[in-house]
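Below, each chain spelled out in residue letters.
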Amino acid sequence: MTKITAHDLAKKQKEISVAEFFERNKHILGFGNLTRALITSVKEGVDNALDVCEETNILPDVNVEIKNHEEGECRIIIEDNGPGIIKQQIPHIFGRLLYGSRFHSVRQSRGQQGIGISAVVLYGQLTTGKHAIITSKIEEDRPAIVNEISIDTNKNRADVISSDTVHWDKPTGTRVEVSVLADYIRGKKYVYEYLQSTSIVNPHAQITYKEPDGTVHVFERTSDILPKKAEEIKPHPHGVELGTLIKMAKNTKARQLNSFLKTEFSSMGDRTTNTAIEEAGLEKNFNPKDMTRDQFLALHKAFQKVKIMAPSTDCLSPIGETLIRRSLKNETKEISPEFIITASRPASVYSGNPFQVEVGLVYGGNLPKEEPVRILRFANRVPLLYQQGGCVITSAISSMDWRRYGLNQPSGKGIPTGPAIFLAHVSSTQIPFTSESKEAIADVEEIENEVQLAFRECARKVQKHINKKVNREKTREKFDLITRILPEIAKKTSHMLNKPVPSLDAVITKIMDVVWIEDIVEYEKVDRKPVQTKLPDGSTESQPKQGVITKSRIMIVNYKRNPQKFNLYAIIPKDAIVCLVEPKPSKQTDNYLKWNLDSIPPANKVDIKFELAGLEKGDFDENDLYIENINPTYVIGADKWEGD
Amino acid sequence: MVQKKDYSNVINKIDLVAEKVYNDFKKSEIPSLELPTRSKSNIKFDDKYDVWKYGKNMTERSAKSLDGAYMLLRTMYMTDFIKEMIKVNKSSTLREMYYISEGWDLAKFHTQDESNLLAEDLEVITGCMREDFKLRPEEDGARVIGNLTIEEVTRNNTKKKIHCQDDVGDAGYSIPYNVEKEKITIKSFDADFILAIETGGMFDRLVENGFDTSSRAILVHLKGQPARSTRRFIKRLSTEKNLPVLVFTDCDPWSFRIFASIAYGAIKTAHISEYLATPASNYLGVTPSDIENYELPTDTLTAEDISALKSELTDPRFQDSFWKGEIKLQLKLGRKSEQQALAKYGLDYVTDKYLPEKLAEIGMTKK
């Protein structure tokens, strides 16, 4: 046997380029099989398009087209109306892995690592040998640039094969065209589901999808308001790893430890900084660049010991209940569900990373009754299509008992069965995915708790909705009795006896013996004068074109034998603008109107009206009413007010 | 000739119902009507008539509930309709009234059972009879064969004498829906007892075998659960001519109820038991004991049969030792049988052997 020396080995040892690594490990990025490859390619393109539009305050118009070539090769075209990309950057963005603008920032966004779209280009090159064609237009009155690029996997660099200029109708935008080996027949259904789901959580985006056979699906934009811009925040000490801490210290401009901590991290005020330094046994005038590993370790440990304020949650951009509801309503039109209920949690924190959970529930209609409920999972507005079983959203749902909400669930565990769709959206600066392919959220206790709390709230609302329905049904019978049958009896007997028809008021009051509250919600189309509307991010914008005024009328009838005096609350959506209210409310806040009603004599009626602007038709289709200072069992149509 | 019936009393009683409801309105009370509870739990033995009648438990039909309000409204429509019929001297069948209610808007009935029940309720409330309301049943009465002469006032207002053997075919004399004195008179008879038979097959067997002549019996076909007119006819024949009634049915819980409705009064019509029930009735067979004694072919009791038998064990009408013993025996056997099962021993067995033995058993005839 020949002896192999270290020198021999050294001849074989060389740098592996990142591109080469992924060439061999393409499953890690979601190109594991031909179906996945198709969806991942579409997804990466769409994610990029949405991110860039939002970043530049443009309402996204995204076109997706798939041309199905024979022998399993698909040509995928994704086009957006974003700002375009300057010529020099095109080969970097599409031809270099790990190149991007978002990796270093702590902010909620879809893509982060800068792998996505270049991986698609690389995958296409590896499987079809064809080059990607990138078209970009950055100014309205200039031509677009078309680049054909390929990736040199050894150098992790793109080669521009050809560059040309063309005329493009769009003012600005980017168009990516890649050929990839993929199974369109199998993947077709998932592409549709992915785009539909994307549309649900991105109501501000218009997505058009053209299938190979020419069929066009349009996922309509249901909101003209761009999501609140996620603020960029500095890392929170609880979320930083030791290595990162050391790296940050090496790169900082600060010359003293205390100013390093205060300027490079969030939630680090004077007092917290000093306590942390003290706890670590360090001095505040240490130069961070000169600190030892042990000193950093002590500091890192001290971060966990001292009390540090939770990071600011401004960096998150949740969708909001009204928009989730509207999207779900729009996408489930054909199912005609019985109700759609949403709930959202306040922002919370895990390991120094802010996150927020929003959920929605669609129930009834034509949804299958015998199948497990459909779970739509989203992370930062991106649908999660695979590994449902390994996701914290699924385990949170499975560990709740859904049986009392009209769903089947043997032994009260597992995914319930019944006519429902569950939606959960987790937004965070750092979604803890289980793997690089970003298909499932890891089992983080804080997130699981929040998902459960959100669904509990949703379930409570479902229960309330059902109770209200049953109660109304019962009372409606009585209503029928007093409005139709009783007058008939009186009429008939009087007729038989040739006597005048007696008054029924007293008898009706005795039969009903409740305070009856009924409401109607109507919509009126209005040509809106540009109304100054406050946007969630604090800026103002004038509402475009036609609008809808949501008109709510509440009728209160006292069918009790005694006069009744009580307070009524009507919940209003946060995004609504309250216009006319009659009578004048005694109190008005962001989420309710309150009336201290005058005493209502028996058999008397009170009408309340209010109008809401800033909502679409159907955003608000049922009043949520509460009463105070009256025995709640006396009242049909409103629940007890439990406080703000 | 036939005298015209005076309906003013009926109209008064009907108006009282409307007045009760009207006055409730005037007094700001929730309108309601009270009537005896028409259920098994509320029938009591009436010593005066020897029949079972409704007890003291009352049910309130109140406009407080949707069902009660509908009942009141329908009652008003029905009474109005009856008054109208009296005024124009017309009558209608219960089924016709059900169809007429189609035009009653909110008060219309959904099934004929509903309208039949309400007609009975109205009898109970007013103390009138269905005939007073000019309502008659759909079903014709049953058939009679025997040495008996009936005089019937026909539709031409002439009196016609009918001998129930000589003047009728093998199907017998058909009992009309009205068997009151203004319609039929029992002229003459020559018989020892009335035999009421459940099934048409057995009635025809006895007719073919000449049982009416050989045993001096008046045979009455019940046609299952007997109509009011059939029960009333048996009642009149039995009391006016002092004839005992023997009931011959299948051997199952439903047949026992047929007997009870003839002998004790039916639960549904307990308000007029004294008109319809014949206390001097005896159950001849087929008894559960007969199943064993005559080794009759049988069927297994169904779940419904069993629950009906169990319900009879708590029915106040079946509390004597004979019925308790027989019902318990049948539950033990788990079997039921039919009258016609006697044909196992030949077509003449029922007339030659079974009936004579049974008659002797209860001391009716010479062996």
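All values reported here derive from a predicted model rather than from experimental measurement. (Residues numbered from 1 in each chain as written. Chains lettered and ligands numbered in written order. Predicted model: local features only at pLDDT ≥ 70, side-chain atom pairs only at ≥ 80, totals over all residues.)

1. Describing helix α2 (residues 66–88) of chain B
Because each turn of an α-helix spans 3.6 residues, side chains separated by three or four positions in sequence point in the same direction.
Okay, so step 1: The end-to-end C-alpha distance of α2(B), which contains 23 residues, comes to 33 Å, matching closely the 33 Å that a straight helix rising 1.5 Å per residue would cover.
Okay, so step 2: At the exit of α2(B) stands N89(B), carrying a positive phi of roughly 55°. (Helix = DSSP H or I, 4+ residues; strand = E, 2+ residues; numbered from the N terminus. Expected span 1.5 Å × (residues − 1).)

2. Description of the interface of chain B and chain A
Okay, so step 1: Between chain B and chain A, the residue contacts involve 21 residues of the former and 21 residues of the latter.
Okay, so step 2: When residues of the side of chain B that touches chain A are traced back to their parent elements, those giving at least two are α1 (8–26) and α2 of chain B.
Okay, so step 3: With eight residues, α2(B) is the largest single contributor of residues to the side of chain B that touches chain A.
Okay, so step 4: Considering only residue class, the side of chain B that touches chain A consists of 15 nonpolar, one polar and five charged. (Contact = placed C-beta atoms within 7 Å. Nonpolar A, V, L, I, M, F, W, Y, C, P; charged D, E, K, R; others polar.)

3. Details of the confidence of the model for chain A
All names here are of chain A.
Okay, so step 1: The pLDDT averaged across chain A works out to 84; a share of 91% of its residues lies at or above 70.
Okay, so step 2: Between residues 530–534, whose pLDDT stays under 50, and residues either more than four places distant or in other chains, the model counts 13 contacts.
Okay, so step 3: Across residues 538–544, confidence stays below pLDDT 50; counting only partners more than four residues off in sequence or on other chains, it has 14 contacts. (pLDDT = per-residue confidence, 0-100.)

4. Focus: the sheet that holds strand β9 (residues 159–163) of chain B
Residues and elements named next belong to chain B.
Okay, so step 1: Pairing is antiparallel across the open sheet formed by three strands, whose spatial order is β9-β8-β11. Each of the sheet's edge strands pairs with one partner strand only, and the pair in question is β9 and β11 (184–189). Along the sheet, successive strands turn relative to each other by an average axial angle of 20°, direction set aside.
Okay, so step 2: Relative to β9, strand β8 (residues 148–153) is paired through five bridges, and the arrangement is antiparallel. Looking across to β9, one finds that E151 is bridged to K161. (Pairing = 2+ DSSP bridges. Axes fitted to C-alpha atoms, helices over the stretch in contact; angles between N-to-C directions.)

5. A look at the sheet that holds strand β22 (residues 592–596) of chain A
Residue and element names in this part refer to chain A.
Okay, so step 1: Within the open sheet, the five strands sit side by side as β21-β22-β19-β24-β26. Their pairing is mixed. Each edge of the open sheet carries a strand with a single partner, namely β21 (587–588) and β26 (639–640).
Okay, so step 2: For strand β19 (residues 567–571) and strand β24 (residues 625–628), the ladder comprises four bridges, and the chain directions are antiparallel. Along β24, the bridge assignment pairs Y569 with Y626.

6. Observations concerning α1(B)
Residue and element names in this part refer to chain B.
Okay, so step 1: Over its 19 residues, α1 runs 26 Å from end to end, which matches the ideal 27 Å to within 8%, given 1.5 Å per residue.
Okay, so step 2: All of the buried residues in α1 are V10, I14, V17, A18, V21, Y22, D24 and F25. Viewed along the axis of α1, the buried residues span an arc of 165°, placing them on a single side of the element. Those residues of α1 that are exposed and angled more than 90 degrees off the buried face are S8, N9, N12, L16 and K26.
Okay, so step 3: A positive backbone phi angle near 60° is found at S28, which sits one or two residues after α1. (Buried ≥ 20, exposed ≤ 12 C-beta atoms within 10 Å, placed from the backbone. Arc of directions from axis to C-beta.)

7. Overview of the pairing of strand β14 (residues 245–248) of chain B
Residue and element names in this part refer to chain B.
Okay, so step 1: In β14, alternate side chains face the same way, and those of V245 and V247 on one face and L246 and F248 on the other are all buried.
Okay, so step 2: The pairing of strand β12 (residues 193–197) with β14 spans four bridges and is parallel. Bridge pairing in β14 links A196 to V247.

8. Overview of the nonpolar core
Okay, so step 1: The biggest cluster of nonpolar side chains holds 60 residues, and the ones touching the most others in it are I489(A), I517(A) and L72(B).
Okay, so step 2: In terms of residue count, the dominant contributor to this core is α2(B) (nine residues).
Okay, so step 3: When near neighbours in sequence (up to four residues on either side) are disregarded, I517(A) contacts I554(A), I556(A), L625(A), V635(A), I636(A), G637(A) and A638(A). (Core = buried A, V, L, I, M, F, W, Y, C linked by C-beta atoms within 7 Å.)

9. What about the packing of helix α8 (residues 253–263) of chain B against helix α11 (residues 303–313) of chain B?
All names here are of chain B.
Okay, so step 1: Running from N to C, α8 and α11 cross one another at 40°; their axes reach a closest spacing of 9 Å. With respect to α11, the axis of α8 lies oblique. Here P253, W254 and F256 of α8 come into contact with α11, specifically with D305, A308, L309 and E312.
Okay, so step 2: Partitioned by chemical class, the residues of the contact of α8 with α11 number five nonpolar, no polar and two charged. (Parallel < 35°, antiparallel > 145°, perpendicular 65-115°, else oblique.)

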